[in-house]
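Listed below are the residues making up each chain.
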Amino acid sequence: MRLFDARERDGSATAQSAAFLRALFDRLADADRDVGRRRIRPFVTLSYAQSIDGSIAARPSRSFALSSGPSFDMTHLLRSRHDALLVGINTVLTDDPRLTVRRCAGDNPRPVVLDSRLRFPMDARLLAHPDRRVLLLTTGLAAVGSINRLEAMGASVRVLPQDESGRVDLAAALQCLADMGIRSLMVEGGASVIGSFLRARLVDYCVITVVPRLIGGVKVLDGPCSPDDLPGLSIDGCGYEPLGGDLIIHGALGGPGA
Ligand SMILES: NC(=O)c1ccc[n+]([C@@H]2O[C@H](COP(=O)([O-])OP(=O)(O)OC[C@H]3O[C@@H](n4cnc5c(N)ncnc54)[C@H](OP(=O)(O)O)[C@@H]3O)[C@@H](O)[C@H]2O)c1
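First, a word on scope: everything that follows refers to the structure included in this document. Quick caveat, the model's predicted, so the values are computed rather than measured.

Parameters and conventions
- Residues numbered from 1 in each chain as written.
- Predicted model: local features only at pLDDT ≥ 70, side-chain atom pairs only at ≥ 80, totals over all residues.
- Heavy atoms only, no water.
- Near = heavy atom within 4 Å.
- Polar contact = N/O pair within 3.5 Å; in protein donor to acceptor, adjacent residues only side chain to side chain.
- Areas by Shrake-Rupley, 256 points an atom, 1.4 Å probe, with all protein chains shown as cover.
- Helix = DSSP H or I, 4+ residues; strand = E, 2+ residues; numbered from the N terminus.
- Nonpolar A, V, L, I, M, F, W, Y, C, P; charged D, E, K, R; others polar.
- Pairing = 2+ DSSP bridges.
- Axes fitted to C-alpha atoms, helices over the stretch in contact; angles between N-to-C directions.
- Contact = heavy atoms within 4.5 Å.
- Buried < 20%, exposed > 50% of the residue type's maximum accessible area, 1.4 Å probe, protein only.
- Right-handed = clockwise from strand over helix to strand, strands pointing away.

## Overview of the site of the ligand
Neighbouring the ligand are 28 residues, the closest being Thr-91, Asp-95, Ser-116, Ser-192 and Ser-196. Within the side chain of Ser-116, an N or O atom sits 2.4 Å from an oxygen atom of the ligand. Backbone polar atom of Val-168 to a nitrogen atom of the ligand: 2.9 Å apart, as the coordinates give it. Considering the ligand on its own, with 920 Å² of exposed area, one finds that the protein chains cover 90% of that surface. Of all the secondary structure elements, the ones that give two or more residues to the shell around the ligand are β1 (43-51), β2 (55-57), α4 (89-95), β7 (184-189) and α7 (191-199). The element best represented in the shell around the ligand is α4, accounting for 5 residues. Class assignment for the residues of the shell around the ligand results in 11 nonpolar, 9 polar and 8 charged.

Rendered as structure tokens:
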């Protein structure tokens, strides 16, 4: 895991965003020791951008840029501090993301995709990642032929148990990542994946970029993220930082439902 280093003390925009994320970086340092010693699941940071009304995209299956430049810089800095970066297959199909660190100095995290049926496209940019093999976490619903084809194209595929909805079981996914030596995981989206991690109480820290727009699009949560008898989740010791016209809300996930 890469921790706070000299490159972020140079007065740049990423240095400014690093300063308010120091609490997260301290938590990552602790997690690095804990995960290494006890082989527990990776530390999970949830980071995504939403409009004021809670939309993470304008329309389903349409690519849509939300954050300001400085917020993107911060996202890339966060990426560089994590061992792995996870998205759902719909985000791959919609955005064809590279999931690399391009807007600051730092190493690329290992890209990970949740893809129960292996719909991953053969021409995805993640197959041309500059230095990391994309890791596809799938289930027994994936065709053996697709597994073989994608592995031949450079992907790593792991077949994991299904959850009650037939999707990749998240506890098994995190165990798989821990077994591979991954100590910190950044989860970027999309909505289904964010909801699954929150409902499973598998998020340690949140960094949410709130963009001053009203969109009325795809909502980040499409239902309660706690059982009926519990209030929702909350962020403990929540920090609020303006950045490039956006508002960054960050802190450890806690509260009554956590
Ligand atoms: N604003 C942001 O920060 C941000 C960030 C990322 C993405 N996005 C946007 O989000 C949208 C995509 O979101 P989405 O909700 O449609 O899809 P998603 O969260 O990217 O992917 C969801 C899919 O992942 C697969 N999956 C496998 N295991 C899962 C599990 N345990 N929990 C949840 N999903 C699992 C499922 O497909 P299978 O059943 O086929 O496996 C599921 O339908 C795009 O428009 C993208 O641009 C926005």
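## Some details on the sheet that holds β1
In any sheet, the strands associate via hydrogen bonds between backbone groups, in a parallel or an antiparallel arrangement. Read from one edge to the other, the open sheet built from 9 strands follows the order β6-β5-β4-β3-β7-β1-β8-β11-β10, with strand pairing classed as mixed. In this open sheet, the two edge strands, each paired with only one partner strand, are β6 (156-159) and β10 (234-243). Pairs of neighbouring strands in the sheet enclose a mean axial angle of 20°, with direction left out of account. One ladder, built from 8 bridges, connects β10 with strand β11 (residues 246-254); its direction is antiparallel. Considered in β11, the bridge of Gly-239 is made with His-250. Seen against the sheet, helix α3 (residues 69-80) touches β1, β3 (84-88), β7, β8 (205-211), β10 and β11 and runs at an angle of roughly 145° to β7.

## Some details on the side chain of Ser-55
Examined against the element boundaries, Ser-55 turns out to sit in strand β2. With relative accessibility at 0%, the residue Ser-55 sits in the buried group. Polar side-chain contacts of Ser-55 include one of 2.8 Å to the backbone nitrogen of Gly-217. The residues touching Ser-55, leaving out its near neighbours within four places in the chain, are Ala-49, Gln-50, Leu-66, Ile-215, Gly-216, Gly-217, Val-218 and Lys-219.

## Things to note about the environment of Val-112
Tracing the backbone shows Val-112 in strand β4 (residues 110-114). Spatially, the C-alpha atoms of Val-112 and Val-157 are 9.8 Å apart, while their sequence positions differ by 45 residues.

## Digging into the pairing of β4
With 5 of 5 residues buried, β4 is to be regarded as a mostly interior element. In β4, alternate side chains face the same way, and those of Arg-110, Val-112 and Leu-114 on one face and Pro-111 and Val-113 on the other are all buried. Taken together, the 5 bridges between β3 and β4 define a ladder with parallel strand orientation. Paired with Leu-86 across the strands is Val-112, a residue of β4. Regarding topology, α4 serves as the crossover connection from β3 to the parallel β4, and that connection is right-handed. Of the strand pairs in this sheet, β4 and strand β5 (residues 135-138) are connected by 3 bridges, and their pairing is parallel. Paired with Val-112 across the two strands is Leu-135, which belongs to β5.

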